[in-house]
Every structure is written in structure tokens, then in C-alpha cells.
Amino acid sequence: MAGIVIAGFAGIGKTTLANKYKNVIDLESSLYKYDNSGLENIPIEQRKETIRKENKDFPLNYIEEIQKQVENYDIVLVFSYPPVLDIYDKYNIKYILCYPEKEPIDYYRQRYTDRGNNQAYISKMIDTYEERKKEFDERNAPKIILKGNETLEDYLINNGYKLIKRRNMYAR
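For every chain, the first residue of its written sequence is number 1, and the numbers climb from 1 along that sequence. In view of the model being predicted, local features appear only for residues whose pLDDT reaches at least 70, and side-chain atom pairs are presented and counted only at 80 or more, with totals across whole chains, interfaces and linings using the full set of residues. For the side-chain quantities, the full set of heavy atoms in the structure was used; hydrogens and water were omitted.

Known as pLDDT, the predictor's per-residue confidence is scaled from 0 to 100. In the predicted model, the protein chain carries a mean pLDDT of 87, and 87% of its residues have values of at least 70. Across the protein chain, the element-wise mean pLDDT spans from 59 in helix α3 (residues 44-47) up to 98 in strand β3 (residues 75-78). Strands here mean DSSP runs of E at least two residues long; helices mean DSSP runs of H or I at least four residues long; both are numbered from the N terminus.

Here we take up the side chain of Glu153. Within the fold, Glu153 resides in helix α9 (residues 152-158). Apart from the residues within four sequence positions on either side, Glu153 is in contact with Leu17, Lys20 and Tyr21. Whether two residues are in contact is decided by their heavy atoms: any pair within 4.5 Å suffices.

Moving on: the packing of aromatic side chains. A pair of aromatic rings is counted whenever rings of Phe, Tyr or Trp (Trp by its six-membered ring) have centres within 6.5 Å, and the orientation is called stacked for planes under 30 degrees apart, edge-to-face for over 60 and tilted otherwise. In the structure shown here, the tally under the stated rule is 11 aromatic pairs. Here the aromatic rings of Tyr32 and Tyr62 are separated by 5.3 Å at their centres, their planes lie at 50°, and the arrangement is tilted. Highlighted residues: Tyr32 in helix α2 (residues 30-33) and Tyr62 in helix α4 (residues 60-69), separated in sequence by 30 residues. As far as burial versus exposure is concerned, Tyr32 and Tyr62 are alike and both buried. Centre to centre, the rings of Tyr99 and Phe136 are 5.0 Å apart; their planes meet at 45°, and the pair counts as tilted. Residue Tyr99 is found in strand β4 (residues 96-100), and its partner Phe136 is found in helix α8 (residues 129-138); the two are separated by 37 residues along the sequence. This pair shows no difference in class: Tyr99 is buried, exactly as Phe136 is. Joined through ring pairs, the aromatic side chains of Phe9, Tyr99, Tyr107, Tyr108, Tyr112, Tyr121, Tyr129 and Phe136 make up one cluster. Note on classification: 1.4 Å probe, protein chains only; a residue is buried when its accessible area is under 20% of the maximum for its type, exposed when over 50%, partly exposed between these limits.

A few words now on the nonpolar core. Of all hydrophobic cores here, the largest spans 46 residues; its most connected members are Ile6, Val78, Tyr88, Tyr112 and Leu152. Excluding anything up to four places from it in sequence, Leu152 contacts Ile6, Ile12, Leu17, Leu77, Cys98, Ile144 and Leu146. In plain words, nonpolar cores are sets of buried Ala, Val, Leu, Ile, Met, Phe, Trp, Tyr and Cys residues tied together by side-chain atoms within 4.5 Å.

What follows is about the pattern of salt bridges. Where charged atoms from two side chains of opposite charge approach closely, those side chains can pair. We define a salt bridge as a side-chain nitrogen of Lys or Arg found within 4 Å of a carboxyl oxygen belonging to Asp or Glu. In total, this model carries eight salt bridges according to the counting rule given. Here Lys20 and Glu153 are joined by a salt bridge, their closest N and O atoms 2.8 Å apart. Here the residue Lys20 occupies a position in helix α1 (residues 14-20), and Glu153 occupies one in helix α9, the gap between them amounting to 133 residues. Using a relative accessible area of 13% as the deciding quantity, one classes Glu153 as buried. A salt bridge links Glu138 to Lys134, with the shortest nitrogen-to-oxygen separation between them at 3.1 Å. Taken together, the residues span about one helical turn, with Glu138 and Lys134 both in helix α8 at a distance of four residues. Judged by its relative accessible area of 56%, Glu138 is exposed. Counted as one network, the salt bridges with shared partners bring together Asp86, Asp89 and Arg139.

What follows is the structure, encoded as C-alpha cells:
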């Protein structure tokens, strides 16, 4: 049986979830979208909104990886940028959209800061939230709308999704 794909907004806890549970994978899109040569020693969150050369194989390389990993994991976590959602639709990748309600957006600002995102990234995410939320709300896809400080992990646990803990949280 194939897993489910969750297209999640930044800061909802995708990476933490994938690090904690062995049946979950976070396909960080920037690893597919950009040529990260020479940046291997810089944490992924600190690379965001920096100038990098785009990978000529994106988005097809990302789509292929999603299609592969949906056969290997119960939950595949992916990028939720609206133009990329159109590509998922084009390639018939069924997904659930996950994003926060508007009220906790300042909480997300702090999460971005805590995880090491630069100010350009933080401003972009906060300043475009209303527009993205409107696009998400209008999309014909199932939705998980997180309330308050709820994380994706909280939602999945509270709604009966089976999550299999890793022995070592950071083992892959």
C-alpha cells in the first residue's frame, strides 16, 4: 500500500516528525531544486533565501523522488509552494495540504528564527502568508489546518495516524 503525501507549510514540524519516526520522510525540496555543491557544511535552514544555482532537473527530479518514496514510507512530507502544487496535480500526485490558521503566525516567525532561517526568508514567509493561505483554501485538495501552536505531529497523533518511533531520533 502506498503512503500519503502531505504538502506542508514551512515550520509545521515536518523535519522533526521525520527525524522522530521511521515511517515518515521529509523530502526537503531545496535539496532537489538547487545545486548545493560547496554548501554541505551549511545547515539547510540557513541556506534558504540565499543565492544558489538552480538544478536543471527540478521539478522532475523532485516528482520522481516523491513517487519513489511514497512506496517506501507511510507519510511523505513535501513542499507546499503553490506553483509546485500545480506540478503535483499535473503528475497526479495526490496530497493533503497542511498549514496553520492565521492567528499563530507570530509563533511561526519565532520558529523560523529558532531554526536558523535568515531574515529574508522569515520576512518572505510571514509577508506572503495571507496570499498563500488564500491559495491553499481555494485548492481542491484535502486539508489539515493546524490550530494555535499545534504541530503536524500533534495532529497526526490526535487523529489516529500510526507513527513508528525511531530508537535513535536522529538515525536515518
